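The lines below spell out each chain.
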Amino acid sequence: MADTSAPRKKIEVKVEKVHVWPYLVRIEFLCAIIVIILLTVWSITIDAPLEEAANPTKTPNPSKAPWYFLGLQDILVYFDPWFAGVVAPVFIIVGLILIPYLDVNPKGNGYYTYVERKFAIWIYSFGFLVLWISLIIMGVFLRGPGWNLFMPWQFWDPHKVVALVNVDLPYAFGVRSYNMAMLFGGAVVLGYFAVGTGVYIFMERKAIKNVGILRMLIKVNLALIMFAIVIKIVLRLGFNIKYIWVTPWFNI
Amino acid sequence: MAAKPPEIPNIAEIMGKIKSGEIFGQIVKKVTESQIWTSSFRHGYADTPRNRVLQIASNVWLHLHPVKIHRHALRIKFTWCMGGITFLLFLSTVVTGVILMFYYRPVGEYAYFDMKYLQYDVPFGMLMRNMHRWAAHAMVITVWLHMFRVFLTGSYKPPREFNWVIGVFLVTFTLLLSFTGYLLPWDQLAMWAVTVGTNMARATPFLGHEGPFQEFVFGVSPRYDVRSALIGGSVVGPPALLRFYVLHCILIPLVAGALMIVHFWRIRKDGGISGPL
Ligand code: HEM
């Protein structure tokens, strides 16, 4: 084991190659044993659930998707299914795929750093930890019958009634005619993206030459979509706003 | 050094040998020089650089690895071991899944009772089912953690952009694998979770019968849209069970397995695990 006795400080400085056998293989082997033991113990002590036989005439309340999709199921409260169930997942997948092509910051490649890429880490951690993980935790533990929120100490009352007092945004602003409301809502939504994009491009105008305008447009609009989800949640919970934009074809 | 058995057993001497490890060396020597051992194993393993390379290069399983790697790639603090654990959990589901397949029939009338039979009558059936299910759930968690670490170390940056793209497909297929498997026990939990999940597809723009703009596409109805193509009908029934079974046991594992091979190959072609240089 002559290799491991090399001075530790040097490791960071110079690329040193070591043999995979035994140095990596032994770690993998150990790791595999530990994981298999944990899995076996877990499987001996806790049984996988098996409820009564499937019955299409008996809908459980609440009906929950598998836990890993509960983040998406939870934004169904705030969005129609075409967005929460179809368009949002597509945006998530496409957005993730695009990350390496949008993030052109050459720093922080192959090591942990926060200071050299604060923005990237904030965005990803926010999306992953807040929008994905915490909504899942909420969906698993706090969503009861009728998809109502229950605190852990509260009884899951299937007859809990929550008054539906939500109104659409244009209505809240006093717009009463259907067509005017449609125009108003459209203006708010499109305006949000236009202003957001404009402000970002203006503030980062020096970067246009290096980063490229197309890249910046895609980046800022994906970020705006993510923030829009948060804004919609806040509008609903804080101001009882149902839709922002109502059209004959879709509602946002 | 030839071992001289002491005439009178001396406790202190024996303890000393145990402590210094000398006794272990003696036992090894005795065993490896015995006739049984020497007739079974033609030669020992000499720890030479050449042999270290050959261990990897001439073994079909190990040669997924390069023979040499950067020292920093060994650090668990860097990789969290999460990619490897994800792969291991995948392999565990393959092994336990094959055993489950011996007892399970994806037919509306049988599926649920096959689960019961598996749990109560098949030796180790419950254990196999538990291991399969928990490994699948754990895999979902570890693949997210793996992705998170790859993001935090910026390992998707050039030249590894494409491996990140493959990774995004892998995480998607991991979720789909788990989701299609969720239906197979054919109990209330399964049926309604999948009902909730697949109901979303009704609202697919253009192609779902409740989605925006579906009125502009000819022929979209509850019986013929993306959702019914997925579940083989307008409700989650026996055709959905069969479809999910085939997707779960054949199509998705094959695609995911192929993608994993490409993923591992690209790690090597991109210069090994990313590192600070
Ligand atoms: C079934 C799922 C997956 C398996 C089995 C898998 C396996 C692995 C393994 C064994 C490694 C070696 C280093 C390590 O363990 O961290 C690795 C590296 C890598 N994986 Fe994955 N992975 C999977 C999913 C993903 C996902 C979802 C992503 C990202 C979206 C991803 C992106 C990468 C990248 C970019 C590397 C190179 C890391 C580096 O050079 O530091 N993989 N993968």
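Residues numbered from 1 in each chain as written. Chains lettered and ligands numbered in written order. Predicted model: local features only at pLDDT ≥ 70, side-chain atom pairs only at ≥ 80, totals over all residues. Heavy atoms only, no water.

## As for the site of the ligand
Residue and element names in this part refer to chain B.
- Residues in contact with the ligand amount to 27 residues; listed here are only the nearest, His 146, Arg 149, Gly 167, His 263 and Ser 274.
- Separating an oxygen atom of the ligand from a side-chain N or O atom of Arg 149 is a distance of 2.9 Å.
- The separation between an oxygen atom of the ligand and a polar side-chain atom of Ser 155 is 3.1 Å.
- Of all the secondary structure elements, the ones that give two or more residues to the shell around the ligand are helix 6 (82-103), helix 8 (125-152), helix 9 (161-183) and helix 12 (238-269).
- The element that contributes the greatest number of residues to the shell around the ligand is helix 9, accounting for 7 residues. (Near = heavy atom within 4 Å. Polar contact = N/O pair within 3.5 Å; in protein donor to acceptor, adjacent residues only side chain to side chain. Helix = DSSP H or I, 4+ residues; strand = E, 2+ residues; numbered from the N terminus.)

## A word on the coordination of the iron atom of the ligand
All names here are of chain B.
- The coordination sphere of the iron atom of the ligand, as far as protein atoms go, consists of His 146 (NE2) and His 263 (NE2), spread over 2.0 to 2.1 Å.
- Relative to the metal, the 6 donor atoms surrounding the iron atom of the ligand lie at angles of 86 to 179 degrees, and the coordination shape comes out octahedral. Pair noted here: His 146 is in helix 8 and His 263 is in helix 12, with a separation of 117 residues, a long-range link.
- The exposure class assigned to His 146 is buried, which follows from its relative accessible area of 18%. (Donors = N, O, S within 2.8 Å, 3.2 Å for Na, K, Ca; no water. Tetrahedral: all angles 85-135°; square planar, octahedral: opposite > 155°, others 65-115°. Buried < 20%, exposed > 50% of the residue type's maximum accessible area, 1.4 Å probe, protein only.)

## Quick word on helix 8 of chain B
Residue and element names in this part refer to chain B.
- Its 28 residues place the ends of helix 8 40 Å apart at the C-alpha level, agreeing with the 40 Å of an ideal helix rising 1.5 Å per residue.
- Within helix 8, 26 of the 28 residues are buried, which leaves it mostly tucked inside the rest of the structure.
- The positive-phi residue at the C-terminal boundary of helix 8 is Gly 154, with phi of around 60 degrees. (Expected span 1.5 Å × (residues − 1).)

## Some details on the confidence of the model for chain A
- With 94% of its residues at a pLDDT of at least 70, chain A reaches an overall mean of 90.
- Here residues 1-12 of chain A scores under 50 on pLDDT; set against residues more than four positions off or in separate chains, the count is 9 contacts. (pLDDT = per-residue confidence, 0-100. Contact = heavy atoms within 4.5 Å.)

## Structural notes on the side chain of Thr198(B)
All names here are of chain B.
- Turning to its location among the elements, Thr 198 is positioned in helix 10 (residues 188-199).
- Classification of Thr 198 as buried rests on a relative accessible area of 2%.
- A polar side-chain atom of Thr 198 sits 2.7 Å from the main-chain carbonyl oxygen of Val 194.
- If we skip the residues at most four places from it in the chain, Thr 198 touches Phe 179, Arg 227, Leu 230, Ile 231, Val 236 and Phe 244.

## Side note on the interface of chain A and chain B
- With 82 residues of chain A in contact, the opposing surface of chain B contributes 85 residues.
- It is Trp21(A), Leu50(A) and Tyr112(A) that lose the most area in chain A upon contact with chain B, and together they represent 10% of the buried surface on that side.
- Glu16(A) is the salt-bridge partner of Arg71(B), the closest N and O atoms lying 3.1 Å from each other.
- For the pair chain A and chain B, the interface holds 36 residue pairs in polar contact (both at pLDDT 80 or more).
- Contributions of two or more residues to the side of chain A that touches chain B are made by helix 1 (10-13), strand 1 (17-19), helix 2 (20-45), helix 4 (81-102) and helix 5 (118-141) of chain A.
- In the side of chain A that touches chain B, the residues fall into 54 nonpolar, 15 polar and 13 charged.
- Direction of pairing for strand 1 of chain A relative to strand 1 (residues 68-70) of chain B: antiparallel, over a ladder of 3 bridges. Note on strand 1 of chain B: the bridge partner recorded for Val18(A) is Ile69(B). (Buried area = accessible area lost by both parts, 1.4 Å probe. Salt bridge = Lys/Arg side-chain N within 4 Å of Asp/Glu carboxyl O. Nonpolar A, V, L, I, M, F, W, Y, C, P; charged D, E, K, R; others polar. Pairing = 2+ DSSP bridges.)

## Details of the packing of helix 5 of chain A against helix 9 (residues 213-239) of chain A
Residue and element names in this part refer to chain A.
- Between helix 5 and helix 9, the shortest axis-to-axis distance is 12 Å and the interhelical angle comes to 40 degrees. Between helix 5 and helix 9, the angle falls in the class oblique. Taken as a pair, helix 5 and helix 9 cross one another with a handedness that is left-handed. Contacts between helix 5 and helix 9 involve Ile 123, Phe 126, Gly 127 and Leu 131 from the former and Met 226, Phe 227 and Val 230 from the latter.
- Of the residues belonging to the contact of helix 5 with helix 9, the class tally is 6 nonpolar, 1 polar and no charged. (Axes fitted to C-alpha atoms, helices over the stretch in contact; angles between N-to-C directions. Parallel < 35°, antiparallel > 145°, perpendicular 65-115°, else oblique. Left-handed = near helix turned anticlockwise from the far one by under 90°.)

## Observations regarding the environment of Gly108(A)
- The topology assignment puts Gly108(A) in the loop between helix 4 and helix 5.
- For Gly108(A), a relative accessible area of 0% gives the class buried.
- In contact with Gly108(A), other than residues within four places in its own chain, are Thr113(A), Glu116(A), Arg117(A), Thr153(B), Gly154(B) and Lys157(B).

## Notes on the side chain of Arg143(A)
All names here are of chain A.
- Relative to the helices and strands, Arg 143 is located in the loop between helix 5 and helix 6 (169-172).
- Among the polar contacts made by the side chain of Arg 143, one reaches the side chain of Asp 74 at a distance of 2.8 Å.
- When sequence neighbours within four positions are dropped, the list of residues in contact with Arg 143 reads Pro 62, Lys 64, Asp 74, Val 77, Tyr 78, Met 138, Asn 148, Leu 149 and Trp 156.

## Observations concerning the confidence of the model for chain B
- Across chain B, the average pLDDT comes to 92, with 97% of residues at 70 or higher.
- Per the prediction output, this complex has pTM 0.90; the corresponding ipTM is 0.90.

## Comments concerning the pattern of salt bridges
- What the rule picks out here adds up to 9 salt bridges over all chains.
- For Glu52(A), the salt bridge goes to Lys58(A), with nearest N and O atoms at 2.8 Å.
- The partly exposed category is assigned to Glu52(A), whose relative accessible area is 45%.
- As a salt-bridge pair, Asp114(B) and Arg105(B) come within 2.9 Å of each other at their nearest N and O atoms.

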